[in-house]
Amino acid sequence: MAAALLLYQLERVVASLLDGRALPALLVLVIRAYVTPDTTTVARLVHALEKAAAAPLDSLALPVLPVLAIRAYVTPDTTTVARLVHELEKTAAAPLDSLALPVLPVLAIRASVTPDTTTAAPAVHNVSYLCSMITLSGTCTSGLGVTQCQTTGAVCATDNKCRCLQGTFDSNGFGTAGGTCVSISNIMATSLAYSSVGTASVTIIWSAPATYSGQVRRYDVTWSEAGGGTRTGTTASSLHVTGLQSATTYNLYIKSIESGSWTADQEVTTTTPITVTTKSLLGDLCGVCTDSNAICSISKCVCRSGYYDNDGDTTNVGGTCTARLNPGESCPTSPSNACKNNSVCTGGMCTCNNGYYDSDGPSTSSGTCTARLNPGVTCNAVIPNACKDNSACSEGSCSCNSGYYDNDGLSANNGICTALIALSGTCSSGLGVTQCQTNGAVCATDNKCRCNQGTFDSNGFGNAGGTCVGMNNLMVTFLSSSNVGTTSVTISWSAPATYSGQVSRYDVVWTGGGTGTGTTATSLQVTGLQSATTYNFYIKSIESGSWTADQEVTTSIPITVTTKSLLGNTCGSCADPNAVCSTTCVCKCGYYDNDGDTTNVGGTCTANILPGEPCNNILNECTALSTCSGGICTCNSGYYDSGATCELRLNPGVACPVSPTNACKDNSICIGGVCTCNNGYYDSDGPSANNGLCTLKILPGESCNNIANECTALSTCSGGICTCNTGYYDSGDTCESRLNPGVSCPVSPTNACKDSSICIGGVCTCNNGYYDSDGPSANNGICTLKILPGESCNNIANECTALSTCSGGICTCNTGYYDSGDTCESRLNPGVACPVSPTNACKDNSICIGGVCTCNNGYYDSDGPSANNGLCTLKILPGESCNNIANECTALSTCSGGICTCNTGYYDSGDTCESRKACPSTPTNACKDDSVFLGVCTCNNGYYDSYDSSANSGMCTERLYPGVACPVSPTNACKDNSICIGGVCTCNNGYYDSDGPSANNGLCTLKILPGESCNNIANECTALSTCSGGICTCNTGYYDSGDTCESRLNPGVSCPVSPTNACKDNSVCIGGVCTCNNGYYDSDGLSANNGLCTLKILPGESCNNIANECTALSTCSGGTCICNTGYYDSGDTCESSK
């Protein structure tokens, strides 16, 4: 209200709106937007501020002022307000007209934001004619809009009393004269302490404030832990707080309550709390345990040894620690540990567990449950059950009953009485006592009851009911032989008459140390013997299981057998039917010994091998004129296999058989019944003679003799030199097709690339003025003349002439250029001569008129009509800086003193010059509370018309916070920078709720830019960024472009030098373009911008003919990365073949 009246008085002084100079207009807009923040006024202010910030300004540094004005309005912290006041004073100190009017709004604003005596006095002096001053607690008129209260820091409250501002209080008490407004912090309590800590209560003590303690109506104790709470006190400086939770740490604060200075109670809370932890009950987390018989164990209060929790186990909070009960005493059913160790409550009485006995017997209740006694331990026969099971107290010690044994022997006292063990049962070797039931059985070293060595279990080990029987009962009888060979014989026998089922297997043994392992069958073929040798064979019966190792019995009388003779053996009976006896067994005529000559023993007499059949390099195995070579009987050098004999091989030109294929001499083959040289060879005496040889063809560049077919493929003998045919080049040893553009090429020869191309950097490259007709990613094109602007194109890389690109199937000049007919020329500046056609020859915002490029309406030539280097620039709005260039200011304004200024009789409406009009004069109190007359009754800043501006029966109501329910109309019901959406006040785009969506006391604050500090409040950071570690940080896949988060750039796209992460992974900005790192390639090639940097493809792996996709020294050929000529694939790199 005060600011509105001030503005009104200023307008009365000058009898009209302030003149068109930028500075006073800007101040007026600031004040109006503060008083009445309607959409139109705020929009005009924002527009004026943007104009001021977007152009060079004079020495008043105006861009700082609008920025500070907005920040002081949105976030009125001390630093920002101080800077705003400083800038306003600097501005006001500049020479203005004789009335020096800007000083007045400066003082008014400063008095509003910093109400100290020095600042307020000049402001009061300037507007003192408006009202007289009222002392604290005096009667004033709320909503008048002028300063009425005399005391610094006092205002006219809604109860029409001069009261101290909220956050301060009357130092003498409201209604007592002579007081001043003092900060509420002066009644804060100090020196907090505590005493009498219990499980649910504590006494808090503090000191009253040194001064003004009489202004404290009461002290409250508050806390936020365990659901929070408040206990209301009096003016006393201590309070016993109850209703707390046990084992809980509380931060307790003292709140001082002051009444009277403002229309409602005011309070101030201690900044540092007193921290108290309540005592712990049984089952609570440890702190200080209340029960004297409790201890802290695993972070909880539990009963110490010998006590139990009488309300259950420690999972329940509470209870008392009670001494545990002796056996024989009455006991509760719960908890389970009420009885002492090794006993349990059964039928209401503590009873010893199994394995324990009552040490003083069942007749008294003072004993303990003691472990029952082992055999061999001293005992008292009077006390029942003292000895363990299967034993009794005899002659003062525990002894095992009949049929049992002490399982740790007689010399130790830790065993139990265990039943004697049957055959095959588990025992303890070395125990020193009888453990096995069966006669003749002992506890063997494998801890099993087994028959003694030399005997066996008659029923088999592990079967009940057996006895121990002698091994001679398992001996076989009636040995015989059959099937005698050179190295084998079959031995047979009869099984024992009884107990044959206990034989695990029969083995055959013979002189010389051999053994043949058998099964339970009564015959065995013995192999591995020597030919022409006499053997004595015995049978061994094996029994397993009765002892820890196998037991055996062997026949006493053997059976004798002599084996047959092999080739090379001394004659006996020759085993081979094609052998004869000649002192030794040898092969008869027409056969050979297949293991070598007859001096070796063994082998088979085999028929001699024909040419072409497999052989084994054995002496004399192949027929005449042939030798075993590579496992085949092969005719000797110069001969071929005619079917059954070896014949001399044939010269080229001589008649030949179809088979065999080697009838012709080396490097020739039989074709059409004639010996013909192989590919790559020629007949050295020509096709008309039959005495030549097939000779390797002559390479390109070597000497030749005009003999038919002497030069290699695709070359001809010319002038005595083999020369490549047309369309081919000499690659060094072959004639190769000349190479397409884009294909890897050798430096030499110079004609390796096709017409209109040359080898550059190892790749066939089209000459200037030509392009590769199938693009750089394929290798089947030809070099074709580039396409002129305006002609059809196919989106093939580089197909259009310089400064043009294929767009929509037509070669089109690039941005900033136009089609001059056959070349693309730079578009023309305003003032330059221009052609009638094309229509885009002139630069943006201009057109060719009368043969000269002329700026469009609303634009001006930035360097004036006399020069030709300017651009057509948007005309400058009133109030913005100008440079005295012709036509630079908008209509009805002129550049004056470096500022576009509305002409005489017009004023700056924000973006246009409007005709000036008279302003009405009304009494200052004509409008209702919280409104002021500004041509019409208008709600003050922070209020809105509850019945919308189209009705005249509403009230000015405080504007609503974000998150609060709101009416659809009027549109300004919500606070600045917010709008009513879905019935709730919602922050505009670019703003966030400063106290988050869960509270309703915040303001819509400008979102925080990337890199600036943040507070983890929902939506506080600008789009595509999040608060992380107290800083607004761009989301994954985006980078900080300075004030927005942008998508990280693909390879091939223009990029900024900073920040370094603007390019996507595995790429970096080089020369202003995102470029893949070494070892990576652009997955969609160099001509598109949608790819990713992908690891290069190794030699031998699949590829897609994309530029640079293969690793160094390799090229994509036939869908596979292949090492270039002269290099080989070493596994993951291409290495030089040299």
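Residues numbered from 1 in each chain as written. Predicted model: local features only at pLDDT ≥ 70, side-chain atom pairs only at ≥ 80, totals over all residues. Heavy atoms only, no water.

Participant: Could you give an account of the sheet that holds strand E5 (residues 190-195), with specific residues and numbers?
Facilitator: Spatial ordering of the open sheet is given by E5-E6-E9, a layout of three strands whose pairing is antiparallel. Among the strands making up the open sheet, the edge pair consists of E5 and strand E9 (238-241). Averaged over all adjacent pairs, the angle separating strand axes in this sheet is 20°, with direction ignored. Direction of pairing for E5 relative to strand E6 (residues 202-207): antiparallel, over a ladder of four bridges. Residue pairing for E6: Ala-193 is matched across the bridge by Ile-205. (Pairing = 2+ DSSP bridges. Helix = DSSP H or I, 4+ residues; strand = E, 2+ residues; numbered from the N terminus. Axes fitted to C-alpha atoms, helices over the stretch in contact; angles between N-to-C directions.)

Participant: Lay out the packing of aromatic side chains in plain terms, naming residues and giving numbers.
Facilitator: Summed over all chains, the structure comprises seven aromatic pairs. With a centroid separation of 5.4 Å and 80° between ring planes, the pair formed by Phe-169 and Tyr-212 is classed as edge-to-face. Highlighted residues: Phe-169 in strand E3 (residues 168-170) and Tyr-212 in the loop between E6 and strand E7 (218-223), separated in sequence by 43 residues. By relative accessible area, Phe-169 is classed as buried at 0%. Look at Tyr-535 and Phe-537: their rings are 6.0 Å apart centre to centre, the planes differ by 35°, and that puts the pair in the tilted class. Each of the two residues, Tyr-535 as well as Phe-537, counts as buried. An aromatic cluster of at least three residues, connected via ring pairs, comprises Trp-510, Tyr-535 and Phe-537. (Phe/Tyr/Trp six-rings, centres within 6.5 Å; stacked < 30°, edge-to-face > 60°. Buried < 20%, exposed > 50% of the residue type's maximum accessible area, 1.4 Å probe, protein only.)

Participant: With reference to specific residues and values, describe the sheet that holds strand E30 (residues 489-494).
Facilitator: Spatial ordering of the open sheet is given by E29-E30-E33, a layout of three strands whose pairing is antiparallel. Edge positions in the sheet fall to strand E29 (477-482) and strand E33 (523-526), since each has one partner strand and no second. Along the sheet, successive strands turn relative to each other by an average axial angle of 20°, direction set aside. As paired strands, E30 and E33 are joined by four bridges and run antiparallel to one another. Bridging from a neighbouring strand, Ser-492 pairs with Ser-523 of E33.

Participant: So what's going on with the side chain of Arg-649? Which residues, and what values?
Facilitator: Here Arg-649 shows up in the loop between strand E44 (646-648) and strand E45 (668-671). Among the polar contacts made by the side chain of Arg-649, one reaches the side chain of Asp-666 at a distance of 2.8 Å. In this view, Arg-649 contacts Gly-638, Tyr-639, Tyr-640, Asn-662, Ala-663, Cys-664, Lys-665 and Asp-666; residues no more than four positions away in its chain are not counted. (Polar contact = N/O pair within 3.5 Å; in protein donor to acceptor, adjacent residues only side chain to side chain. Contact = heavy atoms within 4.5 Å.)

Participant: Please set out the environment of Val-216 residue by residue, giving values where relevant.
Facilitator: Mapped onto the fold, Val-216 is located in the loop between E6 and E7. Sequence-wise, Val-216 and Thr-235 are 19 residues apart; in three dimensions their C-alpha atoms are separated by 7.0 Å. Non-local contacts of Val-216, meaning those with residues more than four positions away in its chain, are made with Ile-187, Pro-209, Thr-235, Ser-256 and Ile-257.

Participant: An account of the pairing of E6 is needed here, citing residue identities and associated values.
Facilitator: Counting the residues in the hairpin turn of E5 and E6 gives six residues, including Ser-196, whose phi is positive at 55°. Relative to E9, E6 is paired through four bridges, and the arrangement is antiparallel. Paired with Ile-205 across the strands is Ser-238, a residue of E9.

Participant: Describe the nonpolar core, naming the residues involved and giving the relevant values.
Facilitator: Core analysis: the biggest nonpolar cluster contains 22 residues, and Ile-204, Trp-206, Val-221, Leu-252 and Ile-254 have the highest contact counts within it. Those elements that place two or more of their residues in this core are E6, E7, E9, strand E10 (249-258) and strand E12 (274-277). Not counting the four nearest positions on each side in its chain, Val-221 is found in contact with Ile-204, Trp-206, Gly-229, Thr-230, Arg-231, Leu-239, Val-241, Leu-252, Tyr-253 and Ile-254. By size, the runner-up hydrophobic cluster in this structure holds 21 residues, among which are Val-476, Phe-537, Ile-539 and Val-553. (Core = buried A, V, L, I, M, F, W, Y, C linked by side-chain atoms within 4.5 Å.)

Participant: Describe the pattern of salt bridges, listing the residues and the values that go with them.
Facilitator: Counted according to the given criterion, the structure contains 15 salt bridges. With its nearest N and O atoms 2.8 Å apart, the salt bridge here joins Arg-827 to Asp-844. Within this pair, whereas Arg-827 is found in the loop between strand E60 (824-826) and strand E61 (846-849), its partner Asp-844 is found in the loop between E60 and E61, the two being separated by 17 residues in sequence. Under the relative-accessibility criterion, Arg-827 is labelled buried at 18%. (Salt bridge = Lys/Arg side-chain N within 4 Å of Asp/Glu carboxyl O.)

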